[in-house]
Amino acid sequence: SWSSSDSVISTDSAGEEAEPGRPYRVVLLGASGVGKTAFASILAGAADSMDSDDCELCGDEVCEKEIEVDGEPATLALLDTWDIDDDQWAQERYMQTGDAYLLLYSVTDRASFLRASELRITLRRVRPAQHTPIILVGNKCDLVRRREVSVSEGRACAAVFDCKFIETSAAMQHNVWEAFHGIVRQLRLRRDSKEA
Ligand code: GDP
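Everything quoted here is computed from the prediction, not taken from an experiment. (Residues numbered from 1 in each chain as written. Predicted model: local features only at pLDDT ≥ 70, side-chain atom pairs only at ≥ 80, totals over all residues.)

Concerning the site of the ligand
(1) Moving on: Around the ligand sit 18 residues, and of these G35, K36, T37, A170 and A171 come closest.
(2) Moving on: Per-element tally for the shell around the ligand: the top contributor is helix α2 (residues 36–44), with 3 residues.
(3) Moving on: Residue composition of the shell around the ligand, by class: 7 nonpolar, 8 polar and 3 charged. (Near = placed C-beta within 6 Å. Helix = DSSP H or I, 4+ residues; strand = E, 2+ residues; numbered from the N terminus. Nonpolar A, V, L, I, M, F, W, Y, C, P; charged D, E, K, R; others polar.)

What follows is the structure, encoded as structure tokens:
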């Protein structure tokens with residue numbers, strides 16, 4: 001499955017200005033089990049298959065989809081890092097290819113929240129460009145009684161990280177599209193400020 005995504009990985013324009021019409025590359029980052037596959041499935045329109053075992057996307061780390069945000073089309077190429085969580089080198093290569101990042105943790109798993117902090121620090125090192133659109137995403141907010149990370153902790157963390165924050169539930173399809181739309185809006189803001 002690694003080689004299938006090689007063409008995307010090796011595109012060496014990461015971090016450069018997008019040629020017109022090139023999809024925005026959005027990288028899903030986060031500990032294993034936080035809901036990255038579920039996010040990708042929702043974007044891909046396969047939201048019914050919450051069981052990642054029969055998810056069509058498995059083995060294909062890239063999902064490309066055109067969506068409409070504020071009346072304007074945007075194409076997102078979503079890169080999922082699900083099976084390279086332990087491979088530092090692969091993860092850093094993925095990180096370098098992104099235009100924007102969804103940094104996921106599970107509100108039911110404090111370790112995944114700490115992992116998100118580590119990933120943010122790594123991201124700052126491998127992708128030092130300023131104003132890189134990043135949203136810290138606290139997923140699984142439907143699991144109220146299993147919550148280990150409060151909303152205010154998430155928000156405070158995002159403030160320290162200098163990124164946006166949203167809580168989502170991929171299971172309930174709550175705020176997932178808001179996260180995708182938010183990342184497109186940030187990418188456009190950045191594009192518009194460069195054109196100005
Ligand atoms: P990944 O390892 O980050 O790709 O995580 P997955 O997308 O495979 O999700 C791991 C498990 O959590 C799966 O059983 C999902 O069905 C479940 N899951 C993902 N998002 C949510 C959510 O928002 N709420 C609940 N209750 N379960 C979720």
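Regarding the nonpolar core
(1) Moving on: Ranked by size, the top nonpolar core spans 43 residues in total, and within it L28, F39, L102, L103 and I135 carry the most contacts.
(2) Moving on: Counting residues per element, this core draws most heavily on helix α6 (residues 176–195), at 6 residues.
(3) Moving on: When residues no more than four places from it in sequence are discounted, the contact partners of L28 are K36, F39, A40, L78, L79, D80, T81, L102 and L104. (Core = buried A, V, L, I, M, F, W, Y, C linked by C-beta atoms within 7 Å. Buried ≥ 20, exposed ≤ 12 C-beta atoms within 10 Å, placed from the backbone. Contact = placed C-beta atoms within 7 Å.)

Considering the packing of helix α3 (residues 88–96) against helix α4 (residues 110–126)
(1) Moving on: Their axes nearest at 10 Å, the elements α3 and α4 cross at an angle of 65°. Relative to α4, α3 is oriented so that their crossing is right-handed. On α4, the residues that touch E92, M95 and Q96 of α3 are T122, L123 and V126.
(2) Moving on: Each residue belonging to the contact of α3 with α4 can be placed in one class, and the counts come to 3 nonpolar, 2 polar and 1 charged. (Axes fitted to C-alpha atoms, helices over the stretch in contact; angles between N-to-C directions. Left-handed = near helix turned anticlockwise from the far one by under 90°.)

Side note on the sheet that holds strand β2 (residues 62–69)
(1) Moving on: Strand order in the open sheet made by the 6 strands is β2-β3-β1-β4-β5-β6, with mixed pairing throughout. The outermost strands of the open sheet, each flanked by one partner alone, are β2 and β6 (164–167). Averaged over neighbouring strand pairs, the angle between their axes works out to 25° when direction is ignored.
(2) Moving on: The pairing of strand β5 (residues 134–139) with β6 spans 4 bridges and is classified as parallel. By the bridge assignment for β6, G138 is matched with E167.
(3) Moving on: Along the sheet, α2 contacts β1 (24–30), β2, β3 (72–80) and β4 (100–106); its crossing angle with β3, the most-contacted strand, is approximately 150°. (Pairing = 2+ DSSP bridges.)

Focus: the environment of E68
(1) Moving on: Counting through the fold element by element, E68 comes out in strand β2.
(2) Moving on: Separated by 44 residues in the primary sequence, E68 and S112 place their C-alpha atoms 31 Å from one another.

Details of the confidence of the model for the chain
(1) Moving on: Mean pLDDT over the chain stands at 83; residues scoring 70 or higher make up 78%.
(2) Moving on: Note on residues 1–15: pLDDT is under 50 here. Beyond four places in sequence and across chains, it has 15 contacts.
(3) Moving on: Taken together, the stretch residues 47–60 has pLDDT below 50 and engages in 22 contacts with residues farther than four places along the chain or on a different chain.
(4) Moving on: On the interface metric, ipTM, the complex scores 0.99, and its pTM is 0.84. (pLDDT = per-residue confidence, 0-100.)

Here's the deal with the pairing of β1
(1) Moving on: Of all the 7 residues making up β1, 7 are buried; the element is thus mostly covered by neighbouring parts of the structure.
(2) Moving on: Along β1, one buried face is formed by Y24, V26, L28 and G30 and the opposite face, lined by R25, V27 and L29, is buried too.
(3) Moving on: Sheet analysis places β1 next to β3, joined by 5 bridges and oriented parallel. Its bridge partner being in β3, V26 is matched across the sheet by L78.
(4) Moving on: Pairing geometry for β1 and β4, over 5 bridges, is parallel. Looking across to β4, one finds that V26 is bridged to A100.

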